[in-house]
Structures are given as C-alpha cells and as structure tokens.
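# Fold and contact review
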Amino acid sequence: MKKHLLLLIAACQGLAVMAQSPVYKLKINLKNGSKLSVITDEVDAIKFGKLGKVQASLSQRYVTSTSIGVNIDIDVNVNMVKAVCVPASQTIDDPKAYIEANATLVAESSYKKSFDFLTPETDYVIYALAYDEYDVPSEVSSLKVTTGKTADDPFVVNAKNITTTSLDYVVTPKDANIQYVVQTTGMEMYNTWCNEGNNMGDIFQHFVSYWMAMGKLYGETWQQQIQYDARRGTYDSEADNNTQKTLLWDADQVIITFGVDNSGELVTPIQTTKVRTLAPVPSDNKITLTVKNNAWRDVVVTADVTNSDKYIVNVQSAAAADPHIEAGDLIKWLLNSGTDYSNYSKSGSQDWEFAPNKGGQKYYAIGVGVDDNGAPTTEPTIIDFVLPEGGF
C-alpha cells in the first residue's frame with residue numbers, strides 16, 4: 001500500500017508537468033483487489049481529505065464597529081457548511097436546530113464571511129455546522145467576537161444629498177498616510193459581488209477581478225491598476241463630480257471602503273456603511289397610450305396625460321419584458337438598469353418615437369411616471385402591438 005500511496009503523491013506533484021508532457025495513466029490498486037485508473041489530462045485536481053467526523057473551523061479575520069469578518073474553513077470531504085451570527089445575549093437552547101432554521105450562509109467550500117451592519121461594542125457568537133457527503137451535520141463550531149468602537153473604525157464615512165436614486169459621500173481616513181478605495185452599490189449587488197465567481201464571500205476579490213480584467217486590457221498588472229481607483233486624504237464624491245446615480249429607490253445601499261497598498265494587500269478592515277435611498281412620492285398622473293404609427297423601425301406612441309408631472313414611455317419586446325411582468329419586477333428592470341431616466345423624462349401629452357426592428361414579434365409600449373431622479377411615481381400603463389415585418 002505504501003508503494004501505491006507514494007506513486008499517488010508523486011502523481012499529484014507531477015500533475016502540472018504531465019499536463020504538458022505525453023499523456024500518462026494513473027493506476028490505483030485497492031486492498032480489495034479492485035483497480036482504478038485515470039488518464040492524467042482528464043484530471044483537473046486531486047484533493048486529500050481527512051477521514052472521520054467533519055467540522056467547520058472558525059477564525060476571526062477582522063472587526064469594525066459594525067462588521068465581523070470570519071474565515072470559515074472546511075476540509076474537502078465536507079459537502080456543505082451553514083453559519084449564522086447572533087448576539088451573545090441571545091439564548092440559543094439548541095444551536096444545531098437554530099443554525100439549520102436560520103443560517104445566513106450556506107456554502108459548499110471554505111468561505112470568508114462578513115457579518116455586516118451589526119451594533120458597535122457588542123458581543124456576538126458565530127455558529128457553524130459542517131455536513132458530510134451524506135448530509136450528516138457535525139458538532140456545532142462557535143466563535144465569540146466583539147464588534148469594535150466607532151472611534152476605532154479606519155474611516156469616517158458620511159452620506160449626503162440622498163435622493164430616491166442617488167447619493168454623495170465623504171470619506172476621511174483616520175490614518176492620513178494610507179491609500180484606500182471606496183465604492184457604492186446596492187445591497188443586492190453587494191451580495192452578488194461577495195458570492196460571484198470564486199470570491200467565496202470575500203468582497204475584496206471582486207475588486208481584484210476587476211483590476212485583473214483592466215490590467216489585461218491595458219497591459220498592466222492588477223496591482224498597477226489600483227492606483228487609478230485609489231484615494232488619499234478626504235474624498236468628497238460631490239466635489240469630484242462623481243455622484244453615485246441609478247441606485248434602486250427606497251432600498252439599502254452599501255458604501256464599501258478599504259485601505260490597500262500598491263502590492264494589493266489590505267491594510268485596513270473592509271468597512272461597510274449602510275444608507276437607504278428615499279421612497280418616491282406618488283403621482284396621480286394618469287397616462288393613456290395609443291400606437292399612432294406602427295411600421296418597422298418607425299413606431300410612434302401617443303401619450304395623453306392628466307397633469308404636468310414627469311413620465312417616460314418605453315418600448316420593449318414581449319420576449320424581454322414578459323419574464324419581468326410574470327416576476328412582478330417590470331419597473332425595477334426597466335428603470336434600474338443603469339440608465340439615468342431622469343434625463344429622458346418629459347411632461348405633458350405628446351408623441352414618443354421608437355425604432356424597434358424585430359418584425360413579426362409582439363412589443364409593449366410602457367408608460368410610467370417618474371420623479372426628478374428617475375424613480376417611479378405611478379403604476380405602469382402597458383399596451384401591446386405586433387411590429388410589422390420590414391428590412392432595409
């Protein structure tokens with residue numbers, strides 16, 4: 001058995017070399033007499049895991065006044081891990097049952113979880129359960145961590161000029177010598193950035209991936225790209241004409257701030273600041289739509305309205321719009337797509353011109369009231385039509 005194990009270890013060490021050499025076959029002889037074999041260029045990776053009971057290992061990564069960063073490490077023979085963060089003052093009689101019912105993290109690999117938007121100077125306990133290949137849970141792992149003082153946070157972050165879809169912010173580092181990066185995004189996108197690709201909960205890896213892509217485009221290393229986003233001293237987005245726009249109305253936003261040096265190493269904890277955009281004020285404007293002209297690449301929709309409040313009219317194919325109509329998020333999809341619709345809104349009854357080109361397909365003309373910042377103020381008015389065939 002020792003001989004075969006040594007051969008297996010050697011195969012692992014030489015896997016990268018063999019991938020560029022003639023194709024080899026890896027053979028494993030088991031004690032029961034059966035044999036396993038695999039061609040090396042079909043092997044993506046070989047991992048070793050400990051036998052026996054699985055367990056999640058928890059360690060503190062960083063703390064701020066409102067965030068606890070935790071390393072949640074599991075072995076390769078763990079099928080899944082669940083975790084939750086609760087105030088230490090909360091009595092949990094059955095942690096295992098509580099985790100299974102209230103987990104805020106479910107992952108299939110080791111994970112760097114940031115439990116955000118907590119209370120300063122408060123004790124918390126992180127509980128975790130690992131599950132083996134048969135979904136049998138481990139014993140509960142736990143880690144007690146105390147959030148820091150606001151005065152000890154690496155940055156002072158203040159939002160200002162908050163509207164329904166935009167905000168500005170001022171960031172001042174406590175250490176004037178560090179460089180830092182600051183970015184605002186919606187809560188939904190923040191969670192996506194944490195989990196996309198191989199980030200495994202580490203929001204910093206989202207920025208690394210971005211810098212890698214930009215570096216590849218401009219022939220630089222990702223570390224060299226940091227300088228283009230780095231700030232020093234007090235940064236005011238309004239003074240820099242960098243107001244964050246096209247945010248989702250009446251929703252939580254996250255200002256992400258972290259210190260990073262030119263080698264790409266974090267020099268501060270990742271500080272997150274939650275801000276909520278305003279809810280739009282409803283309008284009693286009634287919008288009536290009529291297709292005045294329906295020709296290939298020449299559609300005119302007449303909008304009759306009952307007051308001078310702003311609104312927009314848009315034409316979308318049914319193929320694109322129907323999934324969002326069924327999901328109930330049509331207006332979110334239409335107005336929160338990265339376009340600043342405050343630049344396209346109009347007042348008063350008038351014609352709107354469009355140039356759709358998918359002849360023979362069903363389209364919708366959609367009218368909705370918007371405020372000065374492009375947030376919806378009315379329910380949508382929708383009519384449908386079939387675009388005639390056409391061509392150049």
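Residues numbered from 1 in each chain as written. Predicted model: local features only at pLDDT ≥ 70, side-chain atom pairs only at ≥ 80, totals over all residues. Heavy atoms only, no water.

## Quick look at the pairing of strand β17 (residues 298–305)
The side chains of a regular strand alternate between both faces of the sheet. We apply this condition: Exposure is judged per residue with a 1.4 Å probe applied to protein chains only, and the accessible area is read against the type maximum: over 50% gives exposed, under 20% gives buried, and values in between give partly exposed. The secondary structure listing takes helices from DSSP runs of H or I that are at least 4 residues long and strands from runs of E that are at least 2 residues long, numbered from the N terminus. DSSP bridges decide pairing: two strands pair if at least two such bridges lie between them.
Among the eight residues of β17, six are classified as buried, and the element is accordingly described as predominantly covered. By the bridge criterion, eight bridges tie strand β16 (residues 287–295) to β17 in an arrangement that is antiparallel. In the strand pairing of β17, T288 is matched with D304. If you look at the hairpin formed by β16 and β17, you'll find two residues sitting between the two strands, and R297 has a positive phi there, around 60 degrees. Sheet topology places β17 next to strand β19 (residues 350–354); five bridges connect them, and they run antiparallel. Bridge pairing in β19 places T302 opposite D351.

## Thoughts on the packing of aromatic side chains
Any aromatic ring pair is given by two values, namely how distant the centres are and how the planes are angled relative to each other. Worth spelling out the cut-off: Each pair of aromatic rings taken from Phe, Tyr and Trp, with Trp reduced to its six-membered ring, is defined by centres within 6.5 Å and is described as stacked if the planes are under 30 degrees apart, edge-to-face if over 60, and tilted in the remaining cases.
Inspection of the entire model under this criterion finds 11 aromatic pairs. Measuring from ring centre to ring centre gives 5.3 Å for F155 and Y180, while their planes differ by 55 degrees; the resulting arrangement is tilted. A residue pair is termed long-range when its members are at least 10 positions apart, and F155 in strand β10 (residues 155–160) and Y180 in strand β12 (residues 180–186) qualify at 25 residues. The burial state of F155 is the same as that of Y180; both residues are buried. Geometrically, the ring pair formed by Y311 and W352 is tilted, given 5.4 Å between the ring centres and 55 degrees between the ring planes. Of this pair, Y311 sits in strand β18 (residues 311–317) while W352 sits in strand β19; the two residues are 41 residues apart in sequence, bridging distant segments of the chain.

## Describing the sheet that holds strand β15 (residues 271–276)
Note the following rule: Axes, fitted as lines to C-alpha atoms, cover a helix only where it is in contact. Angles between the N-to-C directions of the axes lie from 0 to 180 degrees. Here a residue-residue contact requires only that any non-hydrogen atoms of the pair lie within 4.5 Å.
Strand order across the open sheet formed by three strands is β12-β14-β15, with antiparallel pairing between neighbours. One side of each edge strand has no neighbouring strand; the edge strands of this open sheet are β12 and β15. Here the average twist between neighbouring strands, direction ignored, is 20 degrees. Strand direction decides the pairing type here: strand β14 (residues 252–259) and β15, joined by six bridges, are antiparallel. Across the sheet, the residue bridging to T257 is Q271, located in β15. The sheet strands contacting helix α5 (residues 203–218) are β12 and β14, and the helix crosses β14 at an angle near 75 degrees.

## Concerning the packing of α5 against helix α6 (residues 222–229)
So the rule is basically this: Any angle between 65 and 115 degrees counts as roughly perpendicular, while under 35 counts as roughly parallel, over 145 as roughly antiparallel, and the rest as oblique. The residue classification treats Ala, Val, Leu, Ile, Met, Phe, Trp, Tyr, Cys and Pro as nonpolar and Asp, Glu, Lys and Arg as charged. All others, Gly included, are polar.
The contact between α5 and α6 brings their axes to 8 Å, and the two run at 105 degrees. As far as their axial angle goes, α6 and α5 are roughly perpendicular. Residues V208, Y210, W211, M212, M214, G215 and Y218 of α5 pack against W222, Q225, I226 and D229 of α6. The residue inventory of the contact of α5 with α6, partitioned by class, reads eight nonpolar, two polar and one charged.

## Considerations on the environment of V106
Among the secondary structure elements, V106 is positioned in strand β6 (residues 105–107). Owing to a relative accessible area of 51%, V106 belongs among the exposed residues under this scheme. Separated by 25 residues in sequence, V106 and V81 have C-alpha atoms that sit 5.8 Å apart. In contact with V106, not counting residues within four places along its chain, are M80, V81 and K82.

## Side note on empty space enclosed by the protein
As a reminder, the rule being used: Grid spacing is 1 Å over the protein atoms alone, the probe is 1.4 Å, and a cavity is where that probe fits but cannot get out, while a pocket is an open set with protein on both sides within 12 Å along at least five of seven lines and lining residues have an atom within 4 Å of a point. Grid points are joined across faces, edges and corners, and a volume is the space filled by probe spheres set on the points.
With the rule as written, the count across this model stands at two cavities of 30 Å³ or more. Quantified by volume, the largest cavity comes out at close to 50 Å³. What lines the largest cavity is T165, T246, L247, W249, L335, N336, T339, D340, Y341, N373 and G374. Partitioned by chemical class, the residues of the lining of the largest cavity number four nonpolar, six polar and one charged. Computed from the structure, the second largest cavity encloses a volume of approximately 30 Å³. In terms of lining residues, the second largest cavity is bounded by R61, Y62, K112, K113, S114, G201, D202, I203 and I270. Secondary structure elements with two or more residues in the lining of the second largest cavity: β3 (57–63) and β7 (111–115). It is β7 that contributes the most residues to the lining of the second largest cavity, three residues altogether.

This is a description of form; function is not addressed.
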